[in-house]
Amino acid sequence: QDMSFSQGTDAQLLQLPWRMLRIGDCTFLGKVCFAESGYALLLSDLSSVWCEEAEADAIQERARKLNKRLKAPVSSFLSYLSQIVFPALDSKDNGQNVFSCHRTEAELVLQVKSQLSGLPFYWNFHCKEAKVSTVCRHLVNPLMSMAEALERQNQELYLLLGKKDAEIQEYQDSGAVLTRGRLKTEVFDELKFQESFMAEKVQVLSKSGETHGFSEQLQRLYHALTAPAPVNPKGEDVGDSDNLPPVAESNRENTNIPFGKTEPTQEGAGPETSQVPQSSLPCLTHRPPTAASKPKKKKAKGLFT
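How each quantity is defined
- Residues numbered from 1 in each chain as written.
- Predicted model: local features only at pLDDT ≥ 70, side-chain atom pairs only at ≥ 80, totals over all residues.
- Heavy atoms only, no water.
- UniProt positions renumbered as here; feature names shortened; annotations may be inferred.
- Buried < 20%, exposed > 50% of the residue type's maximum accessible area, 1.4 Å probe, protein only.
- Helix = DSSP H or I, 4+ residues; strand = E, 2+ residues; numbered from the N terminus.
- Pairing = 2+ DSSP bridges.
- Contact = heavy atoms within 4.5 Å.
- Patch = residues over 30% accessible without salt bridge, like charges linked within 9 Å, V, L, I, M, F, W, Y side chains within 5 Å.
- Areas by Shrake-Rupley, 256 points an atom, 1.4 Å probe, with all protein chains shown as cover.
- Salt bridge = Lys/Arg side-chain N within 4 Å of Asp/Glu carboxyl O.
- Lys, Arg positive; Asp, Glu negative; His and termini not counted.
- Charge placed at Lys NZ, Arg CZ, Asp CG, Glu CD.
- Core = buried A, V, L, I, M, F, W, Y, C linked by side-chain atoms within 4.5 Å.

The chain is annotated in an unreviewed UniProt entry as Non-homologous end-joining factor 1 from Xenopus tropicalis. Reading the Sequence similarities (unreviewed entry) entry of the UniProt record for the chain gives the comment "Belongs to the XRCC4-XLF family. XLF subfamily." Among the UniProt annotations of the chain, the heading Subcellular location (unreviewed entry) holds the following wording: "Nucleus".

Take a look at the structure:
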């Protein structure tokens, strides 16, 4: 059965940028939120989209099954899990050591194997196929809007180049001479430029088949198009939709939360019998509260409201 997020969680994820996650030969675009009582994960390989939203009870039960020798609050498990996931985003090799994945008919399972204070640490993200409405809201609709915005940007640049050519021509007609020949350019031909771009650049991209993710500039554009419109004290929408504000600092740094280092699981390690005290586990409450780390108040509104 296709899965979707609760309303509050969906709104929170929509404000986050898409990040790259490389696992073996697989490359995903991903978004993830961690709170003290749950998490939400959204993944896509551009063929399918999967998601999971897990709350405290489900996390506690899964942690008990996978880590029988580790006893700690849900918030501590989530804190340690977040310090594994965040460094792997946008990293070329971090995900290779601790992540593996396999797909069944019903779900995509993202497996984590690491070590915590000398003890093995395991976690499985069980992601279901996302509903079409979720795919449209997080990928299709923003990408369509981004394509339209970039097309408008191109048209404005074409007009600007035309004005520059006219300005240069006027200088030349008045007798101005270019002293540095290497700066001389041809008159801009929009049709010729588009044909050349389609033949050279687009063909190369279509043949490579690689997923390069979103550049910083495209992240800004994505955020500008998905961010809720600002509201003034009178409750009226304000701001110009043509303006593209930078990515909010809290969203930009969400993949770089300063937790401690993790250690990949060593192959062949024998079973452990000791237990880790709760005090040795990092906890989300050790860092200043943010909008994404506040515990839920009402389940019906999602984890992150």
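Asks: Tell me what's going on with the pairing of strand β6 (residues 107–116), and back it up with residues and numbers.
Replies: Burial analysis of β6 places 8 of its 10 residues in the buried class, which makes it a mostly covered element. Bridge count for strand β5 (residues 99–103) against β6 is 5 bridges, and the pairing is antiparallel. The residue of β6 that forms the bridge with R103 is L108. Linking β5 back to β6 in an antiparallel pair, the connection comprises 3 residues. Strand direction decides the pairing type here: β6 and strand β7 (residues 119–129), joined by 10 bridges, are antiparallel. Bridging across to β7, L116 finds its partner in L119.

Asks: Outline helix α1 (residues 7–14), listing residues and values.
Replies: Burial within α1 is extensive, with 6 of its 8 residues counted as buried. Every buried residue belonging to α1 is among G8, T9, D10, Q12, L13 and L14, and all of these are buried. The inward-facing, buried residues of α1 contact β2 (26–34), β3 (38–44), β4 (49–55), α5 (132–173) and α7 (216–226).

Asks: I'd like a rundown of a negative patch on the surface, residues and numbers included.
Replies: Together, E151, D189, E190 and E195 give the surface a local cluster of negative charge. Following the sequence through the fold, D189 ends up in the loop between α5 and α6 (190–208).

Asks: Describe the pattern of salt bridges, and please don't skip the residues or the numbers.
Replies: Under the counting rule described, the total for this entry stands at 8 salt bridges. Here R64 and E61 are joined by a salt bridge, their closest N and O atoms 2.6 Å apart. Here R64 pairs with E61, and both are found in helix α2 (residues 56–66), just 3 residues apart, close to one helical turn. Given a relative accessible area of 43%, R64 falls into the partly exposed group. The partly exposed category is assigned to E61, whose relative accessible area is 35%. Residue E148 pairs with R152 through a salt bridge whose shortest N-O separation is 2.9 Å. One end of the pair is E148 and the other is R152, both in helix α5 and 4 residues apart, which spans about a single turn. Among the residues examined, R152 registers a relative accessible area of 48% and is labelled partly exposed. A single network of salt bridges, built from pairs that share partners, joins E61, R64 and K65.

Asks: Could you give an account of the nonpolar core, naming the residues involved and the relevant values?
Replies: The biggest cluster of nonpolar side chains holds 35 residues, and the ones touching the most others in it are F99, F121, W123 and F125. For this core, the secondary structure elements donating two or more residues are β1 (19–23), β2, β3, β4, α2, α3 (74–88), β6 and β7. Sort the elements by how many residues they give to this core and α3 lands first, with 9 residues. The contact partners of F125, leaving out residues within four places of it in the chain, are Y39, L41, E52, R62, L81, V85, L108, V109, L110 and V112. Core analysis: the next-biggest nonpolar cluster, separate from the first, contains 19 residues, M3, V49, M146 and L221 among them.

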